[in-house]
Amino acid sequence: MSTVALGAWRTRFELIQYFRSGDTLVFTFLFPIALLALFSAIFGADGDFSAGPGLPAVPVAQMYLPAMLAAGMLLSGFQNLAMDIAGERTNGMLKRLGATPLSPMSYFLGKIGQVGATSVIQAGLIIAFAAIVFDVPLPTEPEKWITFAWVFVLGVVTSSLLGVALSAVPRSGRSASAVIIPIVLVVQFISGVYLFFFLLPDWLQTVASALPVKWMAQGMREVFLPAEYAVLEQNGEWNLTGVAIALAVWLIIGLLLARLTFRWNRRDA
């Protein structure tokens, strides 16, 4: 079988295994929705929100929706994948896979396929929840959804590859959550997921520009926020070209790091 065919077979296996894990399923799908509901209830009690003079008021859930979509991609690809692979390496599963015809690239394709499929479901649930429960208006222009599609694909693949690379950092599956979750939390706060990005100090916005999550969220803001809100971005524009370049660069970095750091055996083997 070819590398792609083995990757497709592995994707099917990963999806079956994933949907049999109830706790992971509930956390991955419900956590971003719960955060969206929480932030909307806390900060939206006084009605719609306007970020400044001359800017149209929008539901608070509409302000948080792009960030929650970006957070969902990060959790599914970066956090969960890094922890899963670290656990598989510790329990010996990767060692057994290394003795089969499965190549690292096919293994990566399987993981990315699983993250991609589940991320589509997760994003659909988040968007539907925001529209139905909090009356968030969804874009009607086809070009907005085209932007959503390519930002989503680049974000999912980039997060997945970086997750594969990060899985090499924990020394064991037991320590994976202690190593990975703090990194994910810091990245989210720096990138304006839990705080509105325009409220962050300039120096922190500059730091966030070096991270892929900031660009995922910025691309999603262009899709779901009114055009007038572009003035709140770092350079006063949505800068979709910059979003595409930044995510493409991080995708290449993630692929290189994943291939260089990935190993079938544990460190102490």
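Before reading on, note that the structure itself is shown above.
In this text the structure is predicted, and so the values were computed from the model without any measurement.

A. Structural context of the overall build of the protein. Helix and strand content of the protein: 10 helices and 0 strands. Going from the N terminus to the C terminus, the protein shows its helices and strands as α-α-α-α-α-α-α-α-α-α. In summary, the protein has a C-alpha radius of gyration of 19 Å against a globular reference of 18 Å for 269 residues, a match within 12%. Taken over the C-alpha atoms alone, the protein extends approximately 65 × 35 × 35 Å along its principal axes. Relative to its full complement of 269 residues, the protein shows a buried share of 50%. A fraction of 78% describes how many contacts in the protein between residues 6 or more apart in sequence connect residues 24 or more apart. For the protein, the exposed area adds up to about 12100 Å²; of that, 68% sits on carbon and sulfur atoms. Of note, the protein has its 16 positive side-chain charges centred 23 Å away from the centre of its 15 negative side-chain charges.

B. Quick peek at helix α9 (residues 212-224). In a regular helix each residue adds 1.5 Å, so 13 residues correspond to 18 Å; α9 covers 19 Å between its end C-alpha atoms and thus fits that length. By the criterion of burial, α9 is predominantly enclosed, with 13 of the 13 residues buried.

C. Local environment of empty space enclosed by the protein. On inspection of all chains with the given rule, the structure shows 5 cavities of 30 Å³ or more. Taken as a whole, the largest cavity spans an internal volume of roughly 150 Å³. Residue assignment for the lining of the largest cavity shows that the elements contributing at least two residues are α3 (60-90) and α9. Of all the elements, α3 adds the most residues to the lining of the largest cavity, at 4 residues. Residue composition of the lining of the largest cavity, by class: 13 nonpolar, 1 polar and 2 charged.

D. Examining the packing of helix α6 (residues 142-166) against α9 more closely. Put simply, α6 and α9 touch, their axes get as near as 9 Å, and they point 165 degrees apart. As the angle between them shows, α6 and α9 are arranged roughly antiparallel. In this structure, the crossing between α6 and α9 has a hand that is left-handed. Every residue of α9 that contacts α6 at Lys144, Trp145, Thr147, Phe148, Val151, Phe152, Gly155, Thr158, Ser159 and Leu162 is listed here: Pro212, Met216, Gly219, Met220, Glu222, Val223 and Phe224. For the contact of α6 with α9, a count of residues per class yields 10 nonpolar, 5 polar and 2 charged.

E. The arrangement of helix α1 (residues 3-19) in detail. The first and last C-alpha atoms of α1 sit 24 Å apart over 17 residues, in line with the 24 Å expected at 1.5 Å per residue. Taken together, the buried positions of α1 are Leu6, Gly7, Arg10, Thr11, Glu14 and Tyr18. Along the long axis of α1, the arc covered by the buried residues comes to 145 degrees, so they all point the same way.

F. Fine view of the packing of aromatic side chains. Counting across every chain of the model gives 16 aromatic pairs. On the numbers, 5.3 Å between centres and 85 degrees between planes, the contact of Phe108 with Phe262 is edge-to-face. Placement of the pair is Phe108 in helix α5 (residues 104-133) and Phe262 in the segment after α10 (240-261), with a sequence separation of 154 residues. By the ring-pair criterion, three or more aromatic residues cluster together here, those being Phe39, Tyr64, Phe189, Tyr194, Phe196 and Phe198. Stacked on the ring of Trp215, the Lys or Arg Lys214 has its end atom at 3.6 Å from the ring centre.

G. Representation of unusual backbone geometry within the structure. Here the phi dihedral of Asp135 falls at roughly 55 degrees; this positive angle occurs in a residue that is not glycine. As for its placement among the helices and strands, Asp135 is situated in the loop between α5 and α6. Using a relative accessible area of 59% as the deciding quantity, one classes Asp135 as exposed. The phi dihedral of Asn239 falls on the positive side, at around 55 degrees, and the residue is not glycine. Within the element layout of this structure, Asn239 appears in the loop between α9 and α10. The class of Asn239 is partly exposed, set by a relative accessible area of 25%.

H. Local environment of the environment of Phe39. The residue Phe39 is located in helix α2 (residues 22-43) in this model. Residue Phe39 is classed as buried on the basis of its relative accessible area, which comes to 11%. When the C-alpha atoms of Phe39 and Met63 are compared, they prove to be 9.9 Å apart, with 24 residues separating the residues in sequence. For Phe39, the contacting residues outside a window of four places in its chain are Gly44, Val60, Tyr64, Met68 and Tyr194.

Cut-offs applied
Residues numbered from 1 in each chain as written. Predicted model: local features only at pLDDT ≥ 70, side-chain atom pairs only at ≥ 80, totals over all residues. Heavy atoms only, no water. Helix = DSSP H or I, 4+ residues; strand = E, 2+ residues; numbered from the N terminus. Rg over C-alpha atoms; globule rule 2.2 N^0.38 Å. Buried < 20%, exposed > 50% of the residue type's maximum accessible area, 1.4 Å probe, protein only. Contact = heavy atoms within 4.5 Å. Areas by Shrake-Rupley, 256 points an atom, 1.4 Å probe, with all protein chains shown as cover. Lys, Arg positive; Asp, Glu negative; His and termini not counted. Charge placed at Lys NZ, Arg CZ, Asp CG, Glu CD. Expected span 1.5 Å × (residues − 1). 1 Å grid on protein atoms, 1.4 Å probe; cavity = no way out; pocket = protein on both sides within 12 Å on 5 of 7 lines; lining within 4 Å. Points joined across faces, edges and corners; volume = space filled by probe spheres on them. Nonpolar A, V, L, I, M, F, W, Y, C, P; charged D, E, K, R; others polar. Axes fitted to C-alpha atoms, helices over the stretch in contact; angles between N-to-C directions. Parallel < 35°, antiparallel > 145°, perpendicular 65-115°, else oblique. Left-handed = near helix turned anticlockwise from the far one by under 90°. Arc of directions from axis to C-beta. Phe/Tyr/Trp six-rings, centres within 6.5 Å; stacked < 30°, edge-to-face > 60°. Lys NZ or Arg CZ within 6 Å of the ring centre and 35° of its normal.

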